[in-house]
Amino acid sequence: MKFSTRAIHVGYDHHQHNRAVMPPIYQSSVFVHDSVGETLPFSYARTGTPTRDALETCLASLEGGRFGMAFSSGMAAIDAVLRATIAPGDEVIAVADLYGGAWRLLTKVLEPAGVKVTFLDLSDPAALAAALTPRVKLLWLESPSNPLLKLVDVAALSAIARAAGVPVAIDNTFATPYLQTPLAQGADIVVHSATKYLGGHSDVLLGGVVVDNEDLARKIRFIQNSTGAVPGPQDCFLTLRGIKTLALRMERHCDNAEQLAAWLNTHPAIGKVFYPGLPDHPQHELAKRQMKRFGGIISIVLADDSRAGASRFAERLRLFALAESLGGVESLINHSSTMSHGSMSAADKASRGISEGVVRLSIGIEDLDDLREDLAQALER
Ligand SMILES: *Cc1c(COP(=O)(O)O)cnc(C)c1O
């Protein structure tokens with residue numbers, strides 16, 4: 001089956017649920033045994049529920065892995081992967097450009113617990129080969145990255161890591177499985193903040209992990225059940241509902257973003273546009289190879305690269321709401337240095353190019369002309 005069909009059908013059989021077309025929300029924390037010692041498909045909701053199972057199976061199918069796991073947030077999913085793969089004394093190599101929350105977890109939670117964290121610019125895969133030591137137990141990637149839309153070559157980096165026996169995890173939130181399936185490119189673990197495109201309507205917080213390796217699945221499931229950062233059935237239902245239209249929404253996000261990025265790129269009030277679909281993006285060729293299309297996120301630096309400039313722009317916008325998140329049907333603007341990357345130290349932001357004038361636009365699926373008009377009026381001098 002092709003992607004759009006799997007998104008709608010995989011993981012759910014209406015014959016097992018009173019012929020209900022949509023997966024029922026099993027709002028029950030516990031399931032009944034008929035006899036002592038009986039093995040049930042579901043017994044306690046932390047371990048699993050039918051609604052969560054439908055979502056986990058669908059998610060696994062979309063990423064091309066055999067095992068899917070849902071968590072109460074993207075951060076809980078990232079945390080479970082880190083706990084399952086590394087221990088105090090080990091080292092993680094992480095791509096330098098990544099989500100501020102992942103940076104915070106790595107530097108403020110893991111490092112104090114005795115894990116060595118090394119951030120590397122991995123735009124040249126050779127940098128990884130030079131940094132690998134026997135202590136390295138995980139490679140952490142994000143592509144395209146938050147907020148500056150940098151890519152890494154997933155196939156090349158995975159080949160290098162695999163040769164050294166190091167598992168590769170990648171945050172696929174920005175691309176979604178519709179645009180990129182990293183397991184097929186050699187990665188071992190895919191992580192999602194389903195809060196973003198998978199849910200797609202800014203009404204649910206949820207995280208996902210997909211792997212194809214059974215041993216990794218067992219380890220991550222053990223953490224999922226042991227620490228219990230799992231989503232409730234209502235949240236699983238909302239995410240499943242979102243996934244059904246993922247393919248349609250992504251096409252429209254990409255249509256709108258491609259047009260707006262090209263237009264912004266010639267606008268005099270803009271200093272720089274970061275969008276992998278632009279021919280002048282340094283990794284445009286890699287993006288064409290690695291992704292189906294280029295996604296719905298555009299970051300820009302205003303010509304007036306200051307907090308005041310960003311603030312004035314954001315406040316003048318009428319359709320784009322100033323909010324942290326991304327990936328919903330509605331357009332949003334995020335001030336990276338105080339919002340998504342507010343937890344990152346000033347020095348770390350500076351070294352990554354996240355200046356006060358950087359704003360990230362999550363291009364929604366509204367009418368293109370209305371979005372362009374809104375941006376144009378907010379950029380007027
Ligand atoms: C939002 C986000 C996360 C964190 O997910 P939550 O659902 O907010 O916990 C992780 N990675 C990326 C790329 C994100 O955008």
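About the thresholds
Throughout this description, residue numbers start from 1 for each chain and increase along the sequence as written. Local features are withheld for residues below a pLDDT of 70 in this predicted model, meaning they are given only at 70 or higher, and side-chain atom pairs are given and counted only at 80 or more; totals for whole chains, interfaces and linings count all residues. With hydrogens and water set aside, each side-chain value is computed from the structure's full complement of heavy atoms. Numbered from the N terminus, helices here are DSSP runs of H or I no shorter than four residues, and strands are runs of E no shorter than two. Note that the domain bounds reflect an automated or database-derived domain assignment. Buried surface area refers to the total accessible area, computed with a probe of radius 1.4 Å, that the two partners give up upon joining, counted for both partners together. Any carboxyl oxygen of Asp or Glu that lies within 4 Å of a side-chain nitrogen of Lys or Arg is treated as forming a salt bridge with it. Under the rule applied, a polar contact is a pair of N or O atoms within 3.5 Å (in protein, one hydrogen donor and one hydrogen acceptor; residues adjacent in sequence only if both atoms are side-chain atoms). By convention in these notes, a residue is near a molecule or strand provided one of its non-hydrogen atoms lies within 4 Å of it. Residue-level accessible areas treat just the shown protein chains as cover; the underlying method is Shrake-Rupley with a 1.4 Å probe. The way it works is a 1 Å grid over only the protein atoms, where trapped points that fit a 1.4 Å probe form a cavity and open points with protein on both sides within 12 Å along at least five of seven lines form a pocket, and then any residue with an atom within 4 Å of a point lines it. What decides whether a molecule sits in a cavity or pocket is whether more than half of its atoms lie within 2 Å of the grid points. Residues are sorted three ways: Asp, Glu, Lys and Arg are charged, Ala, Val, Leu, Ile, Met, Phe, Trp, Tyr, Cys and Pro are nonpolar, and all the rest, Gly among them, are polar. When DSSP finds two or more bridges between two strands, those strands count as paired. Axes, fitted as lines to C-alpha atoms, cover a helix only where it is in contact. Angles between the N-to-C directions of the axes lie from 0 to 180 degrees. It only takes one pair of heavy atoms within 4.5 Å for two residues to be counted as in contact.

## Here's the deal with unusual backbone geometry
One can expect most non-glycine residues to show negative phi and most peptide bonds to be in trans.
Then, in step 1: Cis geometry marks the peptide bond from S143 to P144; its omega dihedral reads -10°.
Then, in step 2: Note on placement: P144 falls in the loop between β4 (136-142) and α6 (154-163).
Then, in step 3: The omega angle of the peptide bond from N146 to P147 is 5°, so this bond is cis rather than trans.
Then, in step 4: Residue placement: P147 occurs in the loop between β4 and α6.
Then, in step 5: At N18, a position not held by glycine, the phi torsion is positive, near 55°.

## Regarding the domain arrangement of the chain
Then, in step 1: Here the domain parsing of the chain yields domain 1 (3-243) and domain 2 (247-379).
Then, in step 2: For domain 1 and domain 2, the distance between their C-alpha centroids amounts to 26 Å.
Then, in step 3: Summing both sides of the interface, domain 1 and domain 2 together bury roughly 3,200 Å²; the carbon and sulfur share of this comes to 59%.
Then, in step 4: By the criterion of area lost to domain 2, the three top residues of domain 1 are Y178, L179 and Y197, representing 24% of everything that side buries.
Then, in step 5: Along the contact surface separating domain 1 from domain 2 lie one salt bridge.
Then, in step 6: Between D153 and R289 there is a salt bridge whose closest N-O contact spans 3.3 Å.
Then, in step 7: The interface formed by domain 1 and domain 2 includes 20 residue pairs in polar contact (both at pLDDT 80 or more).
Then, in step 8: Every element with two or more residues in the side of domain 1 that touches domain 2 is listed here: α1 (3-9), α4 (100-110), α6, α7 (176-179) and α9 (233-244).
Then, in step 9: A total of four residues in the side of domain 1 that touches domain 2 trace back to one element, the largest contributor, which is α4.

## Side note on the site of the ligand
Then, in step 1: The immediate surroundings of the ligand are formed by 15 residues, with G74, D171, S193, T195 and K196 found nearest.
Then, in step 2: Within the backbone of G74, one N or O atom sits 2.9 Å away from an oxygen atom of the ligand.
Then, in step 3: A distance of 2.9 Å is found between an oxygen atom of the ligand and a backbone nitrogen or oxygen belonging to M75.
Then, in step 4: In the complex, the protein chains occlude 93% of the 380 Å² of accessible area that the ligand would expose alone.
Then, in step 5: Of the pockets mapped on this structure, the ligand occupies the largest pocket.
Then, in step 6: Residue contributions to the shell around the ligand peak at three residues, all from helix α3 (residues 74-85).
Then, in step 7: Of the residues assigned to the shell around the ligand, the class counts are six nonpolar, six polar and three charged.

## Things to note about the sheet that holds strand β6 (residues 189-193)
Then, in step 1: In spatial order, the strands read β1-β7-β6-β5-β4-β2-β3; together these seven strands make up an open sheet with mixed pairing. The sheet terminates laterally at β1 (67-71) and β3 (116-120), the two strands that pair on one side only. Going from strand to strand, the sheet's axes swing by 20° on average, the running direction of each strand aside.
Then, in step 2: As judged from the three bridges shared by strand β5 (residues 168-171) and β6, these two strands associate in the parallel manner. For I170, the partnering residue across the bridge sits in β6 and is V190.
Then, in step 3: On the sheet, α4 packs against β2 (91-95) and β3 and is oriented at approximately 145° with respect to β3.
Then, in step 4: The sheet contacts of helix α8 (residues 214-227) involve β1, β6 and β7 (207-211), and relative to β1 the element is tilted by about 20°.

## Points about the environment of Y12
Then, in step 1: Looking at where Y12 falls in the secondary structure, it is placed in the loop between α1 and α2 (50-63).
Then, in step 2: Considering only alpha carbons, one finds Y12 and Y44, 32 residues apart in sequence, at a separation of 20 Å.
Then, in step 3: There is a polar contact of 2.6 Å between the side chain of Y12 and the backbone oxygen of A20.
Then, in step 4: Separated by 3.4 Å, the side chain of Y12 and the backbone oxygen of M22 make a polar contact.

## Overview of the sheet that holds strand β12 (residues 358-362)
Then, in step 1: The strand order across the open sheet formed by five strands is β8-β9-β12-β11-β10, and the pairing between neighbours is mixed. The outermost strands of the open sheet, each flanked by one partner alone, are β8 (270-274) and β10 (321-322).
Then, in step 2: With two bridges connecting them, β10 and strand β11 (residues 332-335) associate as parallel partners. Residue A321 lies in a different strand from β11, and its bridge partner there is L332.

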